[in-house]
Amino acid sequence: MIKNIISGIKAYFGAFSLISKLKLWKYFAIPMLISLVTAIVVFGSAYGLSDNIGAFISKIWIWHWGRETFASISNFIGGIIIVVIGLILFKHIIMALSAPFMSPVSEKIEAHFTGNPPHSHRNTSFSEQLWRGIRINIRNLFKELLFTIPILLLKFIPVVNIFSTILLFILQAYYAGFGNMDYTLERHYNYKDSLQFVSKHKGLAIGNGIVFILFLLIPVIGVILVLPLSVTAASTKTVEAIQIKNKPIHAA
């Protein structure tokens, strides 16, 4: 697991040069625009709702003593909830809508590493790629929210909330990497088999997603570059993992 996480992170080091070498930047124009617009809408709305969430949580405390302290804590927790949900919505929206544009990028990267011509694997249309992206990301969105809610509740427990933050980060990273890997997997596996593949390569997904989430902490530039670099890094490692999986085992 740890080895695969490190491998997923290291894949980013060669992503920028690979994009330039294969002349892929033109494919990222629309996804980068989608990413920027989505970030403005999602995080702008989240910022406006943060005070409301904090005020709602503070109503749980019905006693007069300690009300101000609990209100301050509620505002802080409310801010975290909004940021987390905002990140979840942002990444799944952009990955779903960008699927038809990212699949050709992944395909060219695979052709570069394997020597196989593009379209040598299962061919899908623009609408099929879009539906696959929406289906995968809706599934991941609900599963991620299902796990995120109880983790957020742990933030009300002192000391435990430190570990819950780490767990929350890993969860976010896993589903981000999951979406990036699927741009390659959709050519090789059906929906069910793709889920099983990522489940067996959790480390690669987490490693890719860690850098994805860290990129979002960089104002503007991070939001614009996160898809090109993360998809390139994910495609590189996913192609490698598929080749290893399909490599014939020779008898000794």
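Because the structure is predicted, anything quoted here is derived from the model rather than measured. (Residues numbered from 1 in each chain as written. Predicted model: local features only at pLDDT ≥ 70, side-chain atom pairs only at ≥ 80, totals over all residues. Heavy atoms only, no water.)

1. Remarks on the packing of aromatic side chains
Within this structure, the stated rule accounts for six aromatic pairs. Here the aromatic rings of Trp 25 and Phe 28 are separated by 6.1 Å at their centres, their planes lie at 65 degrees, and the arrangement is edge-to-face. Take Trp 25: its relative accessible area is 25%, and that puts it in the partly exposed class. Members of the aromatic cluster, each reached through a chain of ring pairs, are Phe 16, Trp 25 and Phe 28. Residue placement shows Arg 135 over the ring face of Tyr 191; its charged tip is 3.7 Å from the ring centre. (Phe/Tyr/Trp six-rings, centres within 6.5 Å; stacked < 30°, edge-to-face > 60°. Buried < 20%, exposed > 50% of the residue type's maximum accessible area, 1.4 Å probe, protein only. Lys NZ or Arg CZ within 6 Å of the ring centre and 35° of its normal.)

2. Let's talk about the nonpolar core
With 32 residues, the main nonpolar core has Tyr 12, Phe 28, Phe 90, Ile 94, Phe 212 and Leu 216 as its most contacted residues. Of all elements in the fold, only helix 2 (15-21), helix 3 (29-58), helix 4 (67-97), helix 5 (99-114), helix 7 (160-185), helix 9 (202-215) and helix 10 (221-246) reach the threshold of two or more residues within this core. It is helix 10 that provides the largest number of residues to this core, a total of six residues. Setting aside residues up to four positions removed in sequence, Phe 212 forms contacts with Tyr 12, Lys 91, Ile 94, Ala 176, Asn 180, Val 226 and Ser 230. (Core = buried A, V, L, I, M, F, W, Y, C linked by side-chain atoms within 4.5 Å. Helix = DSSP H or I, 4+ residues; strand = E, 2+ residues; numbered from the N terminus. Contact = heavy atoms within 4.5 Å.)

3. Remarks on the packing of helix 5 against helix 6 (residues 126-153)
Taken N-terminus to C-terminus, the directions of helix 5 and helix 6 make an angle of 105 degrees; their axes are 8 Å apart at the nearest point. By the criterion of interaxial angle, the relationship of helix 5 to helix 6 is roughly perpendicular. Only Phe 126, Gln 129, Leu 130 and Gly 133 of helix 6 make contact with helix 5, whose side of the interface consists of Ala 99, Pro 100, Phe 101 and Ser 103. Here the contact of helix 5 with helix 6 is built from residues that sort into five nonpolar, three polar and no charged. (Axes fitted to C-alpha atoms, helices over the stretch in contact; angles between N-to-C directions. Parallel < 35°, antiparallel > 145°, perpendicular 65-115°, else oblique. Nonpolar A, V, L, I, M, F, W, Y, C, P; charged D, E, K, R; others polar.)

4. Thoughts on helix 8 (residues 191-200)
Residues spaced three or four apart along an α-helix point in a common direction, a consequence of the helix completing one turn every 3.6 residues. Listing the buried residues of helix 8 in full gives Tyr 191, Ser 194, Leu 195, Phe 197 and Val 198. The buried residues of helix 8 occupy an angular sector of 160 degrees when projected down its axis, which confines them to one face. Projecting away from the buried face of helix 8 at angles above 90 degrees are the exposed residues Lys 192 and Lys 200. Capping the start of helix 8, Asn 190 holds a side-chain oxygen 3.3 Å from the backbone nitrogen of Lys 192, two or three residues further along. (Arc of directions from axis to C-beta. Polar contact = N/O pair within 3.5 Å; in protein donor to acceptor, adjacent residues only side chain to side chain.)

5. Some details on the packing of helix 6 against helix 8
Direction vectors running N to C along helix 6 and helix 8 enclose 50 degrees, while the axes themselves pass 12 Å from each other. Compared by their axis directions, helix 6 and helix 8 come out oblique. Handedness of the helix 6/helix 8 crossing: right-handed. Seen from helix 6, the contacting residues are Arg 132, Arg 135, Ile 136 and Arg 139; seen from helix 8, they are Tyr 191, Ser 194 and Leu 195. A class-by-class count of the residues in the contact of helix 6 with helix 8 yields three nonpolar, one polar and three charged. (Left-handed = near helix turned anticlockwise from the far one by under 90°.)

6. Some words on the pattern of salt bridges
Evaluation of the coordinates by the stated rule reveals four salt bridges. One salt bridge connects Arg 187 with Glu 110, and the closest N-O pair in it is separated by 2.5 Å. Taken together, the residues span a long stretch of sequence, with Arg 187 in the loop between helix 7 and helix 8 and Glu 110 in helix 5 at a distance of 77 residues. Arg 187 sits in the buried class, given a relative accessible area of 4%. For Glu 110, a relative accessible area of 5% puts it in the buried group. Among the salt bridges present, the one from Lys 237 reaches Glu 240, with a minimum N-O distance of 3.2 Å. Of this pair, Lys 237 and Glu 240 both sit in helix 10, three residues apart, which is roughly one turn of the helix. Look at Glu 240 and you get partly exposed, because its relative accessible area is 37%. (Salt bridge = Lys/Arg side-chain N within 4 Å of Asp/Glu carboxyl O.)

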